[in-house]
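Here is how the chains run, residue by residue.
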Amino acid sequence: MSTFQPVRGMRDLIAEDAETLSYVIGKARETAQLFGFKEVITPVVEPFELLSAKSGEEIRQRMFIFDDLGGRKVSLRPEFTASIARLTTTTLKNEPKPLRLFSAGSVYRYDEPQKGRYREFWQANFELMGSGRPEADAEVILLANNLLKNTGLKNFALKLGHVGVLKGIMTQEGIDDKAQNAILQKMDKKEYETALALVDSENCRKILRGLIELKGANVFDTVDKMKTQVQGYEKAVAAVENLEAILRLVTESGCEIEVVDPAFARGLEYYTGVIFELYVPQLEIALGGGGRYDKLIEVFGGESTPAVGMATGIDRIALAMQAQKTRLQKPTQKRVTVIPIKEEQKAEALKIAQMLREAGLPAEFEVMGRKMGKALEDADKRKVDYAVIVGERELKEGKVVLKDLVGRTQAEVNIETLPSKIRENGC
Ligand code: HAM
């Protein structure tokens, strides 16, 4: 039988790749705690109807869908937001607001595999439910900024926009929701001419083109020009004012926003307000994105609840860290291997390995039954720091041989003092 490979778009992560992924998840979890977000774990498989309700055509077409053995149409989650909204309308329905919820896990989209784009990937997801105020938007944007900073990434940039501006204009021009979504999907892909071709009204096309082509000297200048551009479109004016209020809060609290894009749209259909994405110069694709979605919870039968959230692509952050050669800030741990010289010392050696672990030192046991020379050679190759050699003669005196595999020294050491000797680099 031939050997198996992972399914296209899915990966085995090993060594540094696995380590970096877990590291980034750890940083996301730390950031969640710093901002008061509580972790929740939801299923990977959800009803297809839930996941497709408001996600939009783009995601709907890329979902892994199947019938389970009970005949239910289900799907692998392509994101977390729908699951968290479901949770908010059911189990957490009576919890006081705001709710701050964090999740991390794998998500699945049938995307065309390429660098930074996979069919199974990982997200760290944050949702803040219950506040429609600009400070809630600012809080989520600041969280995104903090998270990237905490991973050690440099020169990352935040791009901001507001779907309320484009939607406000199109609604006033009588374009229905379905057509609006189709136009926004094209704008998200920067296919502006195709997007404009879907707009019947000449006047509306003109206003939208103006927004697409609008350039400002800085972000506040861009916002001022947007205001002029959308004059007469009440909802769009309110949206620009809301964008400005959020922008002020974020920048005045010390987080820089590099770009305000008046024609910015995102692939997901549920957004109603501010939207944003995170980038680094080394990658063209976004490391994360999010925005305000005030109508989703009521679509799932809950009370009308304003909400804002974002997700970072863990794999892409890991890629960016590799591109920037970011070092993982981890306490250096000494690695130890424990080798019994003979069969008779096995049990005692296992006990010593256990004692080291209880003292917080990572200890591996020689499980291959190799002779000491071979076991040491292998430890050397795997860059283990110390070998603890358990022999009959030393054991009788309550001792073992501690061998420093880096410094090439060795000494007989009392078993009780072994952890402190290893910590103090002592032999
Ligand atoms: P999204 O922009 O679809 O938003 O995904 C968030 C992040 O997931 C992206 O910025 C990217 O880093 C990563 N990502 C997306 N597709 C792939 C892929 N095929 N391979 C690797 N990474 C990928 C959401 O998912 C929303 N649920 C965010 C949100 C939460 N909005 C409000 N609350």
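Structure first, text after, so check above.
Description of the structure in this document. (Residues numbered from 1 in each chain as written. Predicted model: local features only at pLDDT ≥ 70, side-chain atom pairs only at ≥ 80, totals over all residues. Heavy atoms only, no water.)

### With respect to the sheet that holds strand β11 (residues 307–313)
Backbone-to-backbone hydrogen bonds pair the strands of a sheet. The strands run either parallel or antiparallel. What counts here: Strands pair, by our definition, only if DSSP identifies at least two bridges between them. Counting from the N terminus, the helices are DSSP H or I runs at least four residues long and the strands are E runs at least two residues long. Here a residue-residue contact requires only that any non-hydrogen atoms of the pair lie within 4.5 Å. Axis geometry follows a simple rule: fit a line to the C-alpha atoms, using only the stretch in contact for helices, then measure angles between N-to-C directions, giving values from 0 to 180 degrees.
The sheet built from eight strands is open, its strands ordered β1-β5-β6-β11-β10-β9-β7-β8 with mixed pairing. Edge positions in the open sheet fall to β1 (38–39) and β8 (259–260), since each of these has one partner strand only. Pairing of strand β7 (residues 157–162) with β8, which is carried by two bridges, proceeds in the parallel orientation. Residue pairing across strands places Leu-160 opposite Val-260, the latter belonging to β8. Contacting β6 (120–129), β7, β9 (274–279), β10 (288–292) and β11, helix α5 (residues 134–151) crosses the sheet at an angle of about 15 degrees to β11.

### Considerations on the packing of helix α1 (residues 15–34) against helix α13 (residues 314–323)
The cut-off we apply is this: In this scheme, roughly parallel covers angles under 35 degrees and roughly antiparallel covers those over 145, while 65 to 115 is roughly perpendicular and the rest are oblique. Left-handed is the label given to a crossing in which the near helix is rotated counterclockwise from the far helix by less than a right angle, and right-handed is the label when the rotation is clockwise. Throughout, the ten residues Ala, Val, Leu, Ile, Met, Phe, Trp, Tyr, Cys and Pro are labelled nonpolar, Asp, Glu, Lys and Arg are labelled charged, and all others, Gly among them, are labelled polar.
At a minimum axis separation of 9 Å, α1 and α13 run at an interaxial angle of 115 degrees. One element, α1, and the other, α13, form an angle in the roughly perpendicular class. Once α1 is placed against α13, the crossing between them reads as right-handed. Contacts from Asp-17, Thr-20, Leu-21, Tyr-23, Val-24 and Ile-25 in α1 reach Ile-314, Asp-315, Ile-317, Ala-318, Met-321 and Gln-322 in α13. A per-class count over the contact of α1 with α13 returns eight nonpolar, two polar and two charged.

### Structural notes on helix α4 (residues 81–89)
Filter applied, for reference: Only protein chains enter the calculation, and the probe is 1.4 Å; a residue is then buried if its accessible area is under 20% of its type maximum, exposed if over 50%, and partly exposed in between.
Burial analysis of α4 places eight of its nine residues in the buried class, the great majority of the element. Every buried residue of α4 is accounted for by Thr-81, Ala-82, Ser-83, Ile-84, Ala-85, Leu-87, Thr-88 and Thr-89. Buried residues belonging to α4 abut β2 (45–47), α2 (48–52), β5 (99–108), β6 and α12 (296–299).

### Points about the site of the ligand
Here is the rule we go by: A cutoff of 4 Å decides nearness: a residue is near a molecule or strand if any of its heavy atoms lies inside that distance of it. We call two N or O atoms a polar contact when they sit within 3.5 Å, provided that within protein one can donate a hydrogen and the other can accept it, with sequence-adjacent residues counted only if both atoms are side-chain atoms. Each accessible area is a Shrake-Rupley estimate made with a 1.4 Å probe; only the visible protein chains count as cover when residues are assessed.
The full set close to the ligand counts 27 residues, and Glu-79, Thr-81, Asp-111, Tyr-118 and Tyr-271 are the nearest of them. Side-chain polar atom of Arg-266 to an oxygen atom of the ligand: 2.9 Å apart, as the coordinates give it. Contacts to the ligand include Gly-288, whose backbone N or O atom sits 3.2 Å from an oxygen atom. In isolation the ligand has 660 Å² of accessible area, and contact with the protein removes 95% of it.

### Observations concerning α5
Where we set the bar: For a helix, the expected span equals 1.5 Å multiplied by the residue count minus one.
Its 18 residues give α5 an end-to-end C-alpha distance of 26 Å, which sits within 8% of 26 Å, the value for a rise of 1.5 Å per residue. Along α5, the residues classified as buried are Ala-136, Asp-137, Ala-138, Val-140, Ile-141, Leu-142, Leu-143, Ala-144, Asn-145, Leu-147, Leu-148 and Thr-151. Two residues or fewer after α5 comes Gly-152, characterised by a positive phi angle close to 95 degrees.

### Looking at the packing of aromatic side chains
Filter applied, for reference: Pairing of aromatic rings covers Phe, Tyr and Trp, the last counted by its six-membered ring, and requires centre-to-centre distances within 6.5 Å; plane angles under 30 degrees mean stacked, over 60 mean edge-to-face, and any other angle means tilted.
Overall, the coordinates contain six aromatic pairs when judged by the stated rule. When the ring of Phe-37 is compared with that of Phe-126, the centres are 5.8 Å apart and the planes differ by 75 degrees; the resulting orientation is edge-to-face. Of this pair, Phe-37 sits in the loop between α1 and β1 while Phe-126 sits in strand β6, placing them 89 residues apart in sequence. You can call Phe-37 buried: its relative accessible area is 5%. Judged by its relative accessible area of 0%, Phe-126 falls in the buried class. Judged by centre distance (5.1 Å) and plane angle (40 degrees), the rings of Phe-102 and Phe-126 are tilted.

### Some remarks on the environment of Leu-350
Assignment of secondary structure puts Leu-350 in helix α14 (residues 346–358). Between the C-alpha atoms of Leu-350 and Leu-92, which are 258 residues apart in sequence, the distance is 47 Å.

### Focus: the sheet that holds β2
Spatially, the three strands line up as an open sheet ordered β2-β4-β3, and their pairing is antiparallel. Looking at strand neighbours, the two that pair on one side only are β2 and β3 (65–67), the edges of this open sheet. Taking each pair of neighbouring strands and ignoring which way they run, the sheet shows an average axis angle of 40 degrees. Note: β2 against strand β4 (residues 73–76), three bridges, orientation antiparallel. Note that in β4 the partner of Glu-46 across the bridge is Ser-75.

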